[in-house]
Amino acid sequence: PCMSGFPESAVGSSPFAITDYAVADDLGGDQALERLCGRIRSRCMRVIVDFVPNHVAIDHAWVTTHPHYLVQSRHGEHLRDPGGYFAANERMFAYGRGLLWEPWEDTVQLNYGEPEVRQAMLSVLKKIAGICDGVRCDVAMLVEQELLQSTWGNQLLPEPGLKALASQQVNSEFWPTACSKTRQLNPSFVFIAESYWEREKPLMDKGFDFCYDKVFYDRLVLGDGEGVDALLNLDRGYQDKLVRFLENHDEDRAANVLPNVDQHMAAAVLTLTSPGLHFVHDGQQTGRQRRVSMHMTRRLPEQDDVINTGLKARYQMLLQAVNGAAVRNGGWERCNIREILEDGADLGVACSRVMTHFCWSPEEGGGPFTEVVVVVVNYSPHTVTARISSKVGSQGTCMLQQLLQGRDIILSDRLSPHSIPISVETFTGEGVRLILQPWTSHIFDIIEK
């Protein structure tokens, strides 16, 4: 579906079937990339490139020059799984794949049982670290030892007749060594793992700075407010190393899977104000509907691909709203929220379908607050009346009380003209009463009257 309707001339090649980690000569070679990185850094940005550790292209030179770098059928595995192998140079090579996925038929699987493969891939990382600032590691969990063994077993043994290093080196984890040795060359180099199957914590423990939070994305798409709320209660240090996103090249467009615009924007607010690294996918902010394969060299004109033209303006407002120091790199705490029943009764029961947190800048030790933001999202299809308050005795609450004690303040929404006069005692005490419409989202500034 993500390729249909385009002419054959629109099909390029897979960006995940790599023949060499080098810039083509007609694009200026590696020197052109070095110059580009320099210009980007001069604008206070950094360059992250893709690294594909699990496989290479089926026309990679190693198929001929270093076949022992690649997983092969040694005991008739290709007879039991003919769709998983291809013939070349009188050998049967395994297509690249993951444990639970179909083979990628334009790739060949790397054999991490061969020490030389690890050295070769480490050399690639060192080359990248000498030019760029980090890597997004494609399906990084596939080269964890547990998954390699589950997928390939004895096919990872070094090829008979070739000298191998000690067996404990062959069976050791690749990522801790790769991350450590690469950072020896470039200490600020960033490792980002595209990770699935809840492998985030093991990959962090192996050296990754950030890991994809696919669970967060899945729960947002399902409309599972309570599930999202539970994830936001996880340890802050762990959340700081997660990549939160509402769309990427492997998922259907957010405008398509979340056709209710208010829910879409509520999900975007939660994604972009939660801890961690935040991705906004190209076209997400304009409301593009159709996911186009990475193999394609073109896409539909924007006017033919966008149904709700109002999304663009709402994203512009949202991206401006989160572009302050408090949201981007300030302190962050969850708030208390209690649902008020239709008869006005406040039973003190937490309401997990409404999520709220507040951010401040600068963080502890940086002096008095210069910016305080309260985020409130009703991630449900029902109207909710609730009281929202900061957590008694928490770091952020104590600092806020000191700053605003006795002052008249206003909650002023960055996403709408909405504002609410309150006292700091209300926010840090009994709570601010709000009526929240379905899928409502607010990013409130706390400002003095």
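Worth saying up front: this structure is predicted, and the values here are computed from it rather than measured.

Peer 1: With reference to specific residues and values, describe the overall build of the protein.
Peer 2: Assigned secondary structure in the protein consists of 18 helices and 20 strands. Considering the protein as a whole, with its 449 residues, one finds that 51% of them fall into the buried category. Summed over its atoms, the accessible surface of the protein is roughly 20,900 Å², and 51% of this surface lies on carbon and sulfur atoms. If you average the places of the 42 positive and of the 57 negative side-chain charges in the protein, the two averages end up 3 Å apart.

Peer 1: Now, about the environment of H75: what can you tell me, with residues and values included?
Peer 2: For H75, the position within the fold is in the loop between α2 (62-65) and α3 (77-80). Taking the C-alpha atoms as reference points, H75 and F189, separated by 114 residues in sequence, lie 41 Å from one another.

Peer 1: Hey, could you go over the packing of aromatic side chains for me, with residue numbers and the actual values?
Peer 2: Within this structure, the stated rule accounts for 19 aromatic pairs. An angle of 80 degrees between the planes, with centres 6.5 Å apart, marks the rings of F51 and W175 as edge-to-face. Residue F51 is found in strand β1 (residues 48-51), and its partner W175 is found in helix α7 (residues 175-185); the two are separated by 124 residues along the sequence. Judged on exposure class, the residue F51 and its partner W175 are both buried. Centre to centre, the rings of F358 and F427 are 5.8 Å apart; their planes meet at 90 degrees, and the pair counts as edge-to-face. Linking F358 in strand β14 (residues 354-361) with F427 in helix α18 (residues 424-427), this pair joins segments that are 69 residues apart in sequence.

Peer 1: Please provide a residue-by-residue account of unusual backbone geometry, values included.
Peer 2: In this model, V139 sits at a positive phi of 30 degrees, which is unusual for a non-glycine residue. By relative accessible area, V139 is classed as buried at 5%. We note that W197 has phi near 65 degrees; this positive angle belongs to a residue other than glycine. Along the chain, W197 falls in the loop between β7 (190-193) and α8 (200-205). A relative accessible area of 31% means that W197 is categorised as partly exposed.

Peer 1: Got a sec to walk through the sheet that holds strand β10 (residues 277-278)? Specific residues and values, please.
Peer 2: Taken in spatial order, the six strands line up as β1-β6-β7-β8-β9-β10 in an open sheet, and their pairing is parallel. Of all strands in the sheet, those with a lone pairing partner are β1 and β10, marking the two edges. Two elements, strand β8 (residues 210-212) and strand β9 (residues 242-244), share two bridges in a ladder whose sense is parallel. Bridge pairing in β9 links C211 to L242.

Peer 1: For the side chain of R199, give the residues involved together with the corresponding values.
Peer 2: One can find R199 in the loop between β7 and α8. Given the relative accessible area of 14%, R199 is considered buried. Within polar-contact distance, the side chain of R199 engages the side chain of E146 at 3.4 Å.

Peer 1: Go over the sheet that holds strand β15 (residues 371-378), please, and point to the residues and values.
Peer 2: Whether parallel or antiparallel, the strands of a sheet pair through hydrogen bonds between backbone atoms. Strand order in the open sheet formed by six strands is β11-β14-β15-β20-β17-β18, with antiparallel pairing between adjacent strands. Only two strands of the sheet have a single partner each, and these edge strands are β11 (331-334) and β18 (419-423). Neighbour-to-neighbour, the strand axes of the sheet open up by a mean angle of 25 degrees, direction not taken into account. Here five bridges tie β15 to strand β20 (residues 441-448), and the two strands are oriented antiparallel to one another.

Peer 1: Which residues make up the pattern of salt bridges, and what values go with them?
Peer 2: Taken as a whole, this structure holds 23 salt bridges when the rule is applied. As a salt-bridge pair, R136 and E194 come within 3.1 Å of each other at their nearest N and O atoms. Highlighted residues: R136 in strand β6 (residues 134-137) and E194 in the loop between β7 and α8, separated in sequence by 58 residues. In this structure, R299 and D282 form a salt bridge, with 3.1 Å as the shortest nitrogen-oxygen distance. Placement of the pair is R299 in the loop between β10 and α14 (302-305) and D282 in the loop between β10 and α14, with a sequence separation of 17 residues. The exposure class assigned to D282 is partly exposed, which follows from its relative accessible area of 48%. Residues joined by salt bridges that share partners form a network here, namely D50, R136, D138 and E194.

Peer 1: Residue-level account of the nonpolar core, with values.
Peer 2: Core analysis: the largest hydrophobic core is formed by 56 residues, its most contacted members being F51, W175, F191 and F208. In terms of residue count, the dominant contributor to this core is helix α4 (residues 115-129) (eight residues). Every residue in contact with F208, bar those within four places of it in the chain, is listed here: C137, A140, W175, C179, F191, I192, A193, L203 and K241.

Peer 1: Describe the pairing of strand β17 (residues 408-413), and please don't skip the residues or the numbers.
Peer 2: Each regular strand shows side chains that alternate between the opposite faces of the sheet. Only one face of β17 is covered, namely the face carrying I409, L411 and D413; the face carrying D408, I410 and S412 is uncovered. Pairing geometry for β17 and β18, over five bridges, is antiparallel. Bridge pairing links I409 to I422 in β18. With antiparallel pairing between neighbouring strands as the criterion, β17 and β18 make up a hairpin whose turn holds five residues. Both β17 and β20 contribute to a ladder of five bridges, which runs antiparallel. The residue bridging S412 from the neighbouring strand is D445, located in β20.

Peer 1: An account of the environment of V215 is needed here, citing residue identities and associated values.
Peer 2: Take V215: it is sitting in helix α9 (residues 214-222). Separated by 18 residues in the primary sequence, V215 and W197 place their C-alpha atoms 8.7 Å from one another. With residues up to four places along the chain from it excluded, the contact list for V215 reads E198 and L231.

Peer 1: Go over the confidence of the model for the protein with me, naming the residues and quoting the values.
Peer 2: A low pLDDT score tells you not to read the predicted coordinates there in detail. Averaged over every residue, the pLDDT of the protein is 90; the share at 70 or more is 94%. Per-residue pLDDT stays below 50 along residues 165-169; that stretch engages in three contacts with residues further than four places along the chain or on separate chains.

Procedures and definitions
Residues numbered from 1 in each chain as written. Predicted model: local features only at pLDDT ≥ 70, side-chain atom pairs only at ≥ 80, totals over all residues. Heavy atoms only, no water. Helix = DSSP H or I, 4+ residues; strand = E, 2+ residues; numbered from the N terminus. Buried < 20%, exposed > 50% of the residue type's maximum accessible area, 1.4 Å probe, protein only. Areas by Shrake-Rupley, 256 points an atom, 1.4 Å probe, with all protein chains shown as cover. Lys, Arg positive; Asp, Glu negative; His and termini not counted. Charge placed at Lys NZ, Arg CZ, Asp CG, Glu CD. Phe/Tyr/Trp six-rings, centres within 6.5 Å; stacked < 30°, edge-to-face > 60°. Pairing = 2+ DSSP bridges. Polar contact = N/O pair within 3.5 Å; in protein donor to acceptor, adjacent residues only side chain to side chain. Axes fitted to C-alpha atoms, helices over the stretch in contact; angles between N-to-C directions. Salt bridge = Lys/Arg side-chain N within 4 Å of Asp/Glu carboxyl O. Core = buried A, V, L, I, M, F, W, Y, C linked by side-chain atoms within 4.5 Å. Contact = heavy atoms within 4.5 Å. pLDDT = per-residue confidence, 0-100.

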